[in-house]
Amino acid sequence: MMLTAIGLMSGTSLDGVDVAMIETDGKRIKSVGPSGYRPYSDAERRLLLQALAEAVNLSQRDARPGILREAERAVTVAHAEAVAAFSAQNRITPEDIDIVGFHGQTVLHRPAERMTVQIGDAAALAKAIHIPVMHDFRAADVAAGGQGAPLVPVYHRALAQSLERQGPVVVLNIGGVANVSYIDGDTLIACDTGPGNALIDDFMYRELSQRFDTDGRMASQGTVDEAWIAQALKHPFFSIPPPKSLDRNDFSALMLRDVHPADGAATLTAFTAAAIAAVVPHLPKPPRSWIVAGGGARNHTMMRMLRERLSPAPVEAAATLGWSTDAIEAQAFGFLAARGLKGLPLSYPATTGVSIPMTGGMIARP
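Keep in mind that what you see is a predicted model, and the values were worked out from it rather than measured.

**Some words on the environment of Ala319**
No. 1: Following the sequence through the fold, Ala319 ends up in the loop between strand E12 (315–317) and helix H11 (328–341).
No. 2: The exposure class assigned to Ala319 is partly exposed, which follows from its relative accessible area of 46%.
No. 3: Sequence separation between Ala319 and Ala293 is 26 residues; the distance between their C-alpha atoms is 7.7 Å.

Listed below in structure tokens is the structure:
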């Protein structure tokens, strides 16, 4: 039975809420519907950054001390507003939608400690939008010893299978953190590769009060500090084979100091590309092609650096295939909500390191 789902995603870039509609049975994608976006205000983004800083001290995943309670309320309201605006714009009623997939906002991800925390009140959201909400997608996997991330590979596989191209194909998503899905027939391997846009975005905001490097223009004018990158790549994360995952703050100590903004942007962009290339030796076979989604796909300097480091395999933006660069993760959580409703696995030993395929998610009803 096909289900109509809305997926919601607020990623590690902290830019806003993506909304997307998808029709699926949790295995196949019948159709992809419209998508929408509700940006965070500067005040909301500052609140979330403060919540990230305070979350490092959490010892219980359901605790919301201090600023975290306010941040959770803001995340919930932003998602409710995003669904309301999307529904109004596309003339969608609650009766049209079977399930909403609500990821929430990750503020702490420490799978080694069996801790992953996504803020957002699913019960309040379900009441606000009058649609059942599936949430807490990562908890079951982490509790069972998995990394809890990435969860989008099953959706990437469904998309890639529709291409009917020779594998291995890698779908690369560059959000705040970058992650890959390696797809070769029945083989599905996934992991985070390292920073995506997070270090660049934070640098641009700190240095120039800009949220990101538009189109990679600043990075295109700078000189890459290859020695800094070589040192950064000595981080133990890069020697670990998949599956593996990251917290957004895991690389925050890698600071560039006293550099021209263009050189800093160039170096951090090159570091993201180099970290992605560093996963290739850990894969069973060299990929035949790379498909790039997420905000990083719009960064022309990032795409150029990826093509240089991943040659001779072609690197193409997801948009060239008719996929949505921005809404792909929101679509994925609509897809995962449908899979969760049907009890299908969301994660596998080769995607998160969990011992057996795991379903997940909890349902909050209006």
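**Brief notes about the nonpolar core**
No. 1: In terms of nonpolar packing, the biggest core is built from 47 residues, with Leu172, Ile174, Phe271, Trp290, Val292 and Leu306 touching the most fellow members.
No. 2: Once you skip the residues sitting within four places of it in the chain, Ile174 turns out to touch Gly196, Asn197, Thr272, Ile276, Val292, Ala293, Gly294, Gly295, Gly296, Met302 and Leu306.
No. 3: Counting residues in hydrophobic clusters, the runner-up holds 39 residues, among them Ile67, Val75, Ala80 and Ile131.

**A look at the pairing of strand E6 (residues 115–119)**
Looking down a regular strand, the side chains alternate between one sheet face and the other.
No. 1: Where burial is concerned, most of E6 is hidden: 5 out of the 5 residues are buried.
No. 2: Both faces of E6 are covered, namely the face carrying Met115, Val117 and Ile119 and the face carrying Thr116 and Gln118.
No. 3: In terms of strand pairing, strand E5 (residues 105–110) meets E6 through 5 bridges, oriented antiparallel. Directly across from Thr106, in E6, lies its bridge partner Gln118.
No. 4: Counting the residues that bridge the hairpin from E5 to E6 gives 4 residues, and of these Arg114 lies at a positive phi of roughly 55 degrees.

**Side note on the packing of aromatic side chains**
No. 1: Applying the stated criterion across every chain yields a total of 8 aromatic pairs.
No. 2: For the ring pair Trp228 and Phe271, a centre distance of 5.5 Å and an interplane angle of 90 degrees mean the geometry is edge-to-face. Taken together, the positions of Trp228 in helix H8 (residues 226–232) and Phe271 in helix H9 (residues 261–277) put the pair 43 residues apart, joining distant regions of the chain. When sorted by exposure, Trp228 lands in the same class as Phe271, which is buried.
No. 3: Phe271 gets classed as buried once you look at its relative accessible area, which sits at 0%.
No. 4: Connected via pairs of aromatic rings, a cluster forms that spans Trp228, Phe237, Phe238, Phe251 and Phe271.
No. 5: In this arrangement the basic side chain of Arg45 is found over the ring face of Tyr205, its NZ or CZ atom lying 5.3 Å from the centre.
No. 6: The ring of Phe237 carries Lys244 above its face, with NZ or CZ at 4.3 Å from the centroid.

Rules and cut-offs
- Residues numbered from 1 in each chain as written.
- Predicted model: local features only at pLDDT ≥ 70, side-chain atom pairs only at ≥ 80, totals over all residues.
- Heavy atoms only, no water.
- Helix = DSSP H or I, 4+ residues; strand = E, 2+ residues; numbered from the N terminus.
- Buried < 20%, exposed > 50% of the residue type's maximum accessible area, 1.4 Å probe, protein only.
- Core = buried A, V, L, I, M, F, W, Y, C linked by side-chain atoms within 4.5 Å.
- Contact = heavy atoms within 4.5 Å.
- Pairing = 2+ DSSP bridges.
- Phe/Tyr/Trp six-rings, centres within 6.5 Å; stacked < 30°, edge-to-face > 60°.
- Lys NZ or Arg CZ within 6 Å of the ring centre and 35° of its normal.

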